[in-house]
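# Chains, contacts and geometry: an overview
One letter stands for each residue in the lines below.
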Amino acid sequence: MSRSHDLDARARRLLRTLIAQYLADGEPVGSRTLSRSSGLDVSPATIRNIMSDLEDAGLVASPHTSAGRVPTPRGLRLFVDSLIELQPLPREEMARLKRELPPGPTTTRDLLGNVSTLLSAMTHFAGVVTVPRQGDFPLRHIDFVPLPDARVLVILVFSDNQVQNRIVQLARPLAGSELEQAANYLNTHFAGLRVDDIRAHLLRELREAGSELNRLVASATELAAASFAPQNGGEDVLVSGQTNLMGYAELADLDRLRELFEAFQKKNELLQLMEVCARAPGVRLFIGEESGFAALDGCSVVTASYGAQGRVLGAVGVIGPTRMAYERVIPVVQATAGLLSDALNRAATSL
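This structure is a prediction, so every number in the text was calculated from the model and none was measured.

## Things to note about a negative patch on the surface
Among the surface-exposed residues, Glu 259, Glu 262, Glu 269, Glu 289 and Asp 297 lie close enough to one another that they form a single negatively charged patch. Assessed through its relative accessible area of 37%, Glu 259 is described here as partly exposed.

Here you go:
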């Protein structure tokens, strides 16, 4: 009886009514309230019997302090999957999202920080967004600056306006004119490609051409191969509005809050979860223990993936109590992910 099609029309209607009432005021819902709110012409005894069946199915539970019932995470999952009626984001809220996202050129990290803050402000929960590796963005420009002891400062400018500096150690020093020629060669042939693709191409070129490669191309290739060497890490997750969660009674337990805030600070588990979400298209929702991380057992996580030029780059979302207005939060997250993807696509096409 845990699946929607196993419930008859009356049971579905009562469960939907109970959950909607609970999400609105956070209080256990009694049979009398259900009788008034559901619009069903059935006796209180019939409602009590249906509630008893729903409880046996693990969809609702009776708190010890009340004769009413509350939905379980399993009941909320059923509600979200098959009973909820999602509507497009209202025009005024979509306008607010568009208005508050940065309209002009900005770095991706700044844009993502703005997105997490905006999600928090729109939902009053914690806003989260993953930061992709810089190598996921096309290269716009490269410069080399000579340093002492055969070292070179590599300045990489990416399509998202982010600038990254790396210092590489060469086997022999290169003159300023050689570095300038190498930069010109690379900018001419490889601007618009991603770092991993550039490196793979250059290494293949070195292997295939061997001694026939002229000195300019050889210097540029060796220098670029060192400049574009893989770097560990780079992924991150930005969190905004964590303190919003302190205002919800469901999360008011100090031990639970401490565990949750530690998870926000360490980020490891949160990043793992968001990476799982990024790999799946569309909206992902974890209710309570579904996330697999104990710190989030009392929370719901709503995410959507974002990307550019056909590539998924990460996920955006919110973390809040399981008692949230899913029919509003899901469209907010979905619309934000779409607007973020649009902004990144515009940045990519301006290369």
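## Examining the nonpolar core
Core analysis: the biggest nonpolar cluster contains 106 residues, and Phe 144 and Tyr 326 have the highest contact counts within it. Of all the elements, helix H12 (residues 326-349) adds the most residues to this core, at eleven residues. Apart from residues lying up to four places away in sequence, Phe 144 is in contact with Val 152, Leu 153, Val 154, Leu 179, Ala 182, Ala 183, Leu 186, Leu 223 and Ser 227.

## Brief notes about empty space enclosed by the protein
Applying the stated criterion across every chain yields a total of two cavities of 30 Å³ or more. When its volume is computed, the second largest cavity comes out at roughly 50 Å³. Surrounding the second largest cavity, Leu 260, Ala 263, Phe 264, Glu 269, Leu 270, Phe 293, Ala 295 and Leu 296 form its lining. Only helix H10 (254-266) and helix H11 (268-278) provide two or more residues apiece to the lining of the second largest cavity. Classifying every residue of the lining of the second largest cavity by side-chain character gives seven nonpolar, no polar and one charged.

## Side note on helix H6 (residues 108-123)
Every α-helical turn comprises 3.6 residues, leaving residues that sit three or four positions apart pointing alike. The end-to-end C-alpha distance of H6, which contains 16 residues, comes to 22 Å, matching closely the 22 Å that a straight helix rising 1.5 Å per residue would cover. Taken together, the buried positions of H6 are Thr 108, Leu 111, Leu 112, Val 115, Ser 116, Leu 118, Leu 119, Ser 120, Met 122 and Thr 123. His 124 occupies a position one or two residues after H6 and carries a positive phi of about 65 degrees.

## Quick notes on the pattern of salt bridges
In the structure shown here, the tally under the stated rule is ten salt bridges. Its salt-bridge partner being Arg 77, residue Asp 81 comes within 3.1 Å of it at the nearest N-O pair. Residue Asp 81 and its partner Arg 77 are both found in helix H4 (residues 73-83); the two are separated by four residues, about one turn of the helix. On the accessibility criterion, Asp 81 (54% relative accessible area) is exposed. Arg 258 is the salt-bridge partner of Asp 255, the closest N and O atoms lying 2.8 Å from each other. Taken together, the residues Asp 255 and Arg 258, both in helix H10 and three residues apart, mark about one turn of the helix. For Asp 255, a relative accessible area of 52% corresponds to the exposed category. Taking the relative accessible area as the measure of exposure, Arg 258 reaches 47% and is therefore partly exposed.

## Digging into the packing of aromatic side chains
If you walk through the whole model with that rule in mind, you get three aromatic pairs. Between Tyr 185 and Phe 190, the ring centres sit 6.3 Å apart and the planes meet at 75 degrees, which makes this aromatic pair edge-to-face. Side by side, Tyr 185 and Phe 190 carry an identical accessibility label, which is buried.

## Considering the environment of Gly 75
Among the secondary structure elements, Gly 75 is positioned in helix H4. Residue classification places Gly 75 among the buried residues on the basis of a relative accessible area of 0%. The spacing of Gly 75 and Val 60 is 15 residues in sequence and 6.2 Å in space, taken between C-alpha atoms. The residues touching Gly 75, leaving out its near neighbours within four places in the chain, are Ile 19, Gly 58 and Leu 59.

## Looking at the sheet that holds strand S8 (residues 283-287)
Overall, antiparallel pairing links the five strands, which are arranged S7-S3-S10-S9-S8 in an open sheet. The open sheet terminates on both sides in strands that have one partner only, identified here as strand S7 (236-240) and S8. For this sheet, the mean angle separating the axes of adjacent strands, direction not counted, is 20 degrees. Where strand S3 (residues 126-131) meets S7, five bridges bridge the pair, whose relative direction is antiparallel.

## Here's the deal with the pairing of strand S10 (residues 311-321)
Counting buried residues along S10, nine of its eleven residues qualify, which places the element largely inside the surrounding structure. Pairing analysis gives four bridges linking S3 to S10, with the strands arranged antiparallel. Bridging across to S10, Ala 126 finds its partner in Ile 319. The pairing of strand S9 (residues 299-308) with S10 spans ten bridges and is classified as antiparallel. In the strand pairing of S10, Val 302 is matched with Val 318. Following S9, the chain reverses through two residues before pairing antiparallel with S10; Gln 309 in that reversal takes a positive phi of roughly 50 degrees.

About the criteria used
- Residues numbered from 1 in each chain as written.
- Predicted model: local features only at pLDDT ≥ 70, side-chain atom pairs only at ≥ 80, totals over all residues.
- Heavy atoms only, no water.
- Patch = residues over 30% accessible without salt bridge, like charges linked within 9 Å, V, L, I, M, F, W, Y side chains within 5 Å.
- Areas by Shrake-Rupley, 256 points an atom, 1.4 Å probe, with all protein chains shown as cover.
- Salt bridge = Lys/Arg side-chain N within 4 Å of Asp/Glu carboxyl O.
- Lys, Arg positive; Asp, Glu negative; His and termini not counted.
- Charge placed at Lys NZ, Arg CZ, Asp CG, Glu CD.
- Buried < 20%, exposed > 50% of the residue type's maximum accessible area, 1.4 Å probe, protein only.
- Core = buried A, V, L, I, M, F, W, Y, C linked by side-chain atoms within 4.5 Å.
- Helix = DSSP H or I, 4+ residues; strand = E, 2+ residues; numbered from the N terminus.
- Contact = heavy atoms within 4.5 Å.
- 1 Å grid on protein atoms, 1.4 Å probe; cavity = no way out; pocket = protein on both sides within 12 Å on 5 of 7 lines; lining within 4 Å.
- Points joined across faces, edges and corners; volume = space filled by probe spheres on them.
- Nonpolar A, V, L, I, M, F, W, Y, C, P; charged D, E, K, R; others polar.
- Expected span 1.5 Å × (residues − 1).
- Phe/Tyr/Trp six-rings, centres within 6.5 Å; stacked < 30°, edge-to-face > 60°.
- Pairing = 2+ DSSP bridges.
- Axes fitted to C-alpha atoms, helices over the stretch in contact; angles between N-to-C directions.

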